[in-house]
Structure formats: structure tokens, C-alpha cells
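# Fold and geometry: a report
Listed below, chain by chain, are the residues.
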Amino acid sequence: SQQGEEDPQALSIQEGENATMNCSYKTSINNLQWYRQNSGRGLVHLILIRSNEREKHSGRLRVTLDTSKKSSSLLITASRAADTASYFCATDAEGSGGYQKVTFGTGTKLQVIP
Amino acid sequence: ETGVTQTPRHLVMGMTNKKSLKCEQHLGHNAMYWYKQSAKKPLELMFVYSLEERVENNSVPSRFSPECPNSSHLFLHLHTLQPEDSALYLCASSQDSGLAGGPHTQYFGPGTRLTVL
């Protein structure tokens, strides 16, 4: 079973509405990050939240982290058609030999309709 | 642009071919990664190199052979692939592989879309 699972798998909203995506994970983490991927392209880092933080903002993005529930949410406010992409959470945990292992979830596919 | 380039962007190969994917990062990072992205599956970590030394081999079949000649370049050599190896192969780099426990932001290239016939 994977470390990070996003919910919902797909989301379709009208431009201007808010979009909320959730991520759940299984083991203790050091950091959690959200990435965005346009179709057929590489991932782009959006925001990082550390395990001792509860909320973080960056522009129209708001990320929350609840380590007791092992979950995080990404809120995109006032969505735009250009926000159409897949969004992934990535958890950062201790791997073997001191290597920090990053594990990506399956992603939420967001469609913003103009 | 993220500072990570990949070539080629698209590759079609037969099962008996040998080809190589190339990744180059211009960010001065010490760690580089290969990921495989298949439809409806999570991103699969394949290999991690830190300071040109392989630190992770995530049970990848031997038909995939990585090479990291220096901290800026990473190759993935392919031979006798199977149709199920068709996927988007993504390269990424980060400042380090996170041994110090710090944040581990990765910068991704645009990927190589591989089709194995």
C-alpha cells in the first residue's frame, strides 16, 4: 500500500470556485509537500509543510497538516482554468541508511472549467 | 523551466533495441533521481544517486541500468524492454538526498515518453 493517497481522484469545478484536495499517509513523516503536474509534463513543487506546522499559505494555496490524523489538505482559492492539472502529495520519511525517502501519492486530477 | 532537462522527449523502441535516456541538471544539486510514471499508478521511484553514488535501487529489473558520471548528468540505459515498460520516465534533482533530515524539494524534468512495441 502506498504512503500517500489523494482524495478525490478527480475533481471538476467552475472557474472562480475553490478546490480542495486531501492526502492521507500511513507512517510518520518529516515533511509533506504538494506538487503539480500538467499533462505529460514533469512535476512542479508548490509548497512544503513541516511536521511541526499546521497550516501554510502561498498565494492562492493553503495547506493544512494534521499529523494526528496523518492527513493533509490543499486548498486552491478562486480557481482559474490554468490551475487544471494533477496534484500530488509527497511525504518525506526516514529511509534506510539515513536516506530520506520521498513517496508520492496517486494524485488528484483537477479540471477547472472556464 | 525547472533547470532539469531530459532527452529525448519521446522515444519509441522495439523490445530488442538498446537506447539511453539522458538527464541534465543546471542547479548545482547533489542528488538525482529516476522515476517511472504509468497511467493510474503512483510515481515509482527507480534509482537515487547522491554525489554520484547510487543510494537507492528500488527493485528495478536489470533491463534498466542507470549511470551517473557526475553530479550534473544522469543516464538510464534501456535494453530488451517489455511493452509494460511503456511509461513517462521522469528525472529529478535535489540539493541533497536528505541525509541531514532537511526539506527534500525535488525539481523535475519534463520527462521522456517511452513506448515499447
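Refer to the structure above for everything that follows.
Not measured: the values here are computed from a predicted model. All residue numbers refer to positions counted from 1 along the written sequence of the respective chain. Chains carry letters from A onward and ligands carry numbers from 1 onward, assigned in written order. Where local features are concerned, this predicted model is filtered to residues with pLDDT of at least 70; where side-chain atom pairs are given and counted, the filter is 80 or more; whole-chain, interface and lining totals use all residues. Each side-chain value is worked out from all heavy atoms of the structure, with water and hydrogens disregarded.

## Here's the deal with the overall build of chain B
So the rule is basically this: Segments assigned H or I by DSSP are reported as helices when at least four residues long, segments assigned E as strands when at least two residues long, and all are numbered from the N terminus. Atoms counted for the radius of gyration: C-alpha only. Globule rule: 2.2 Å times residue count to the power 0.38.
Per the secondary structure count, chain B includes 0 helices and 11 strands. In chain B, the succession of α and β elements from N to C terminus is β-β-β-β-β-β-β-β-β-β-β. Here the C-alpha atoms of chain B give a radius of gyration of 14 Å, agreeing with the 13 Å that 2.2 N^0.38 yields for 117 residues. The principal-axis extents of the C-alpha atoms in chain B amount to approximately 40 × 30 × 30 Å.

## A closer look at the overall build of chain A
For clarity, the threshold we go by: Each residue is assigned to one of three classes by its accessible area relative to the maximum for its type, calculated with a 1.4 Å probe on protein chains only: buried under 20%, partly exposed between the two thresholds, exposed over 50%. Contact definition: two residues touch when any of their heavy atoms are within 4.5 Å. Using the Shrake-Rupley algorithm and a 1.4 Å probe, accessible areas are obtained, with residue cover drawn only from the displayed protein chains. The convention is simple: Lys and Arg are positive, Asp and Glu are negative, and His and the chain ends are not counted. All charge positions are set by atom: Lys at NZ, Arg at CZ, Asp at CG, Glu at CD.
From N to C terminus, chain A includes 0 helices and 11 strands. A compact globule built from 114 residues would reach a C-alpha radius of gyration of about 13 Å, and chain A, at 14 Å, matches this within 12%. The dimensions of chain A, computed from C-alpha atoms along their principal axes, are 50 × 30 × 20 Å. Here chain A, with 114 residues, has 45% of them falling under the buried criterion. Restricting to contacts in chain A with at least 6 residues of sequence separation, those with at least 24 account for 54%. For chain A, the computed accessible surface area is about 5,300 Å², with 45% contributed by carbon and sulfur atoms. Positive and negative side-chain charges in chain A, numbering 13 and 11 respectively, have mean positions lying 3 Å apart.

## Section: the sheet that holds strand 6 (residues 55–58) of chain A
Sheets are built from strands that pair by backbone hydrogen bonding, the pairs being arranged parallel or antiparallel. Residue and element names in this part refer to chain A. Stated formally: For two strands to be treated as a pair, DSSP must find at least two bridges joining them. Structural elements are reduced to axes, namely lines fitted to C-alpha atoms, with helices fitted over the stretch in contact, and the angle between N-to-C directions of any two is expressed from 0 to 180 degrees.
In space, the 5 strands of this open sheet follow the order 1-3-8-7-6, with antiparallel pairing throughout. What marks the edges here is a single partner per strand, and that holds for strand 1 (4–7) and strand 6. Averaged over all adjacent pairs, the angle separating strand axes in this sheet is 15°, with direction ignored. Alignment of strand 1 against strand 3 (residues 19–25), held across 4 bridges, turns out to be antiparallel. When the sheet's bridge partners are listed, Gly4 is paired in strand 3 with Tyr25.

## Digging into the sheet that holds strand 1 (residues 4–7) of chain B
Residue and element names in this part refer to chain B. Spatially, 1-3-8-7 is the arrangement adopted by the 4 strands of the open sheet, whose pairing is antiparallel. Edge strands, defined here as strands with exactly one partner in the open sheet, are strand 1 and strand 7 (64–70). Each strand axis lies, on average, 20° off the axis of its neighbour in the sheet, ignoring direction.

## Considerations on the nonpolar core
Applicable threshold: Definition of nonpolar core: a set of buried residues of the types Ala, Val, Leu, Ile, Met, Phe, Trp, Tyr and Cys, connected through side-chain atoms within 4.5 Å.
Ranked by size, the top nonpolar core spans 22 residues in total, and within it Trp34, Phe64, Leu76 and Leu78 of chain B carry the most contacts. Where this core is concerned, the elements lending two or more residues are strand 2 (10–13), strand 3 (18–25), strand 4 (31–37), strand 5 (44–50), strand 7, strand 8 (73–79), strand 9 (87–94) and strand 11 (112–116) of chain B. Each residue touching Leu78 of chain B, except ones within four places of it in the same chain, is listed here: Leu11, Met13, Asn17, Lys18, Lys19, Leu21, Arg63, Phe64 and Leu114 of chain B. Listed in part, the 20 residues of the second largest apolar core include Ile13, Met21, Leu61 and Tyr87 of chain A.

## Re the packing of aromatic side chains
To keep it simple, the criterion reads: Working definition: rings of Phe, Tyr and Trp (its six-membered ring) pair if their centres are within 6.5 Å, and the pair is stacked with planes under 30 degrees apart, edge-to-face with planes over 60 apart, and tilted otherwise.
Taken as a whole and judged by the stated rule, the model has 7 aromatic pairs over all chains. Ring centres 5.8 Å apart and planes at 85° place the aromatic pair Tyr35 of chain A and Phe108 of chain B in the edge-to-face group. Highlighted residues: Tyr35 of chain A in strand 4 (residues 31–37) and Phe108 of chain B in strand 10 (residues 107–108), drawn from two different chains. With respect to burial, Tyr35 of chain A and Phe108 of chain B carry one shared label: buried. When the ring of Phe104 of chain A is compared with that of Phe108 of chain B, the centres are 5.8 Å apart and the planes differ by 80°; the resulting orientation is edge-to-face. Note that Phe104 of chain A is positioned in strand 10 (residues 100–104) and Phe108 of chain B in strand 10, a pairing that runs across two chains. Members of the aromatic cluster, connected to one another through ring pairs, are Tyr35 and Phe104 of chain A together with Tyr33, Tyr35 and Phe108 of chain B.

By themselves, these figures tell us nothing about what the structure is for.
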